[in-house]
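# Structural description and commentary
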Amino acid sequence: AQTVTQSQPEMSVQEAETVTLSCTYDTSESNYYLFWYKQPPSRQMILVIRQEAYKQQNATENRFSVNFQKAAKSFSLKISDSQLGDTAMYFCAFYRIGSQGNLIFGKGTKLSVKP
Amino acid sequence: NAGVTQTPKFRILKIGQSMTLQCTQDMNHNYMYWYRQDPGMGLKLIYYSVGAGITDKGEVPNGYNVSRSTTEDFPLRLELAAPSQTSVYFCASRRTGDSGNTIYFGEGSWLTVV
């Protein structure tokens, strides 16, 4: 069974600085997707970034980028130029292709951006 | 631009009562899901559906039922509510092969059982 581990329950960063959130996963599969979702206080789940396992190039979305290390089964999220609106819970999620789309979530990292 | 819509957003139930959480999506997605999120935890899958007329259990199905009579709607039924079902419930959907198999979530339904 797949598992997703986020080892940092809480983190904080000063506005405009850079922060990296860690995620590791355990799987024997070779074809899968990895996601980072943001959950602000409103509790809505918002997709931040997506990475296909077969792609070696790290995904980027504006200020958000990932460091995908397939052999190490690591998928960290880097947020550059942090903004107050980035304050949220961040969840790492794993999806095995062919698994009916069931996402396996980590327990989340609470990020606070301080002015 | 509705996406995935859930109702109600908030509900308080008494122990033993029943209720239905409604979910509808307007993106013509074939897959639909119900997740629950307990405090301090990630989301866990309750039930899912791969298309109209087809449903299957997820990780935590006990105490719940679903149906999928149309592509758009996927209601979640809670029978004999228990305090352990106090949680935030998320409906979600995706289309096979669409946008890298990204799952889109509704805004959540906060349920308290007292």
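Details of the structure are given in the entry above.
Our next topic: the overall build of chain A. When helices and strands are counted, chain A shows zero helices and 12 strands. Computed over C-alpha atoms, the radius of gyration of chain A comes to 14 Å, within 12% of the 13 Å expected from 2.2 N^0.38 for 115 residues, which places it in the range of a compact globule. Its C-alpha atoms give chain A principal-axis dimensions of roughly 45 × 25 × 20 Å. A total of 115 residues make up chain A; the buried ones form 47% of that total. At a minimum sequence separation of 6, the contacts of chain A that also span at least 24 residues come to 55%. Of the roughly 5,600 Å² of accessible surface on chain A, 44% is carried by carbon and sulfur atoms.

Moving on to the side chain of His29 of chain B. All names here are of chain B. In this structure, His29 sits in the loop between β3 (19-25) and β4 (31-37). Look at His29 and you get buried, because its relative accessible area is 2%. Within polar-contact distance, the side chain of His29 engages the backbone nitrogen of Arg94 at 3.2 Å.

Attention now moves to the environment of Val66 of chain A. You can see Val66 of chain A is positioned in strand β8 (residues 64-69). For Val66 of chain A, the residues in contact, after removing those within four places along its chain, are Trp36, Ile49, Gln51, Asn58, Ala59, Phe75, Ser76 and Leu77 of chain A.

Bringing unusual backbone geometry into the picture now. For the peptide bond that leads from Thr7 of chain B to Pro8 of chain B, omega is -5°, which places it in the cis range. Backbone geometry places Arg43 of chain A, a non-glycine residue, at a positive phi of 75°. Inspection of the secondary structure assignment puts Arg43 of chain A in the loop between β5 (32-39) and β6 (46-52).

The next thing to look at is the interface of chain B and chain A. With 23 residues of chain B at the contact, the number on the chain A side is 19 residues. Here chain B packs against chain A, burying approximately 1,800 Å² in sum over the two surfaces, 55% of which is carbon and sulfur. Summed over the shared surface of chain B and chain A, the result is zero salt bridges. Listing elements by their share of the side of chain B that touches chain A, those giving two or more residues are β4, β5 (43-51) and β9 (87-94) of chain B. The residue inventory of the side of chain B that touches chain A, partitioned by class, reads 13 nonpolar, eight polar and two charged.

Further remarks concern the sheet that holds strand β1 (residues 4-7) of chain B. Residue and element names in this part refer to chain B. Overall, antiparallel pairing links the four strands, which are arranged β1-β3-β8-β7 in an open sheet. Two strands bound the open sheet, and with one partner strand each, they are β1 and β7 (64-66). Between one strand axis and the next, the sheet turns by 20° as a mean value, whatever way the strands run. Two elements, β1 and β3, share four bridges in a ladder whose sense is antiparallel. Counted as the bridge partner of Thr5 is Thr24 from β3.

When the charged atoms of two side chains with opposite charge come close together, those side chains can pair. All names here are of chain A. For the coordinates displayed, the defined rule picks out six salt bridges over all chains. Note that Asp26 and Lys73 form a salt bridge whose closest N and O atoms lie 3.9 Å from each other. Taken together, the residues Asp26 in strand β4 (residues 24-26) and Lys73 in the loop between β8 and β9 (74-79) connect sequence positions 47 residues apart. Ionic pairing is found between Glu52 and Lys55, a salt bridge with its closest N-O pair at 3.9 Å. On the basis of relative accessibility, which here comes to 12%, the residue Glu52 falls in the buried class. Among the residues examined, Lys55 registers a relative accessible area of 39% and is labelled partly exposed.

Thresholds applied
Residues numbered from 1 in each chain as written. Chains lettered and ligands numbered in written order. Predicted model: local features only at pLDDT ≥ 70, side-chain atom pairs only at ≥ 80, totals over all residues. Heavy atoms only, no water. Helix = DSSP H or I, 4+ residues; strand = E, 2+ residues; numbered from the N terminus. Rg over C-alpha atoms; globule rule 2.2 N^0.38 Å. Buried < 20%, exposed > 50% of the residue type's maximum accessible area, 1.4 Å probe, protein only. Contact = heavy atoms within 4.5 Å. Areas by Shrake-Rupley, 256 points an atom, 1.4 Å probe, with all protein chains shown as cover. Polar contact = N/O pair within 3.5 Å; in protein donor to acceptor, adjacent residues only side chain to side chain. Buried area = accessible area lost by both parts, 1.4 Å probe. Salt bridge = Lys/Arg side-chain N within 4 Å of Asp/Glu carboxyl O. Nonpolar A, V, L, I, M, F, W, Y, C, P; charged D, E, K, R; others polar. Pairing = 2+ DSSP bridges. Axes fitted to C-alpha atoms, helices over the stretch in contact; angles between N-to-C directions.

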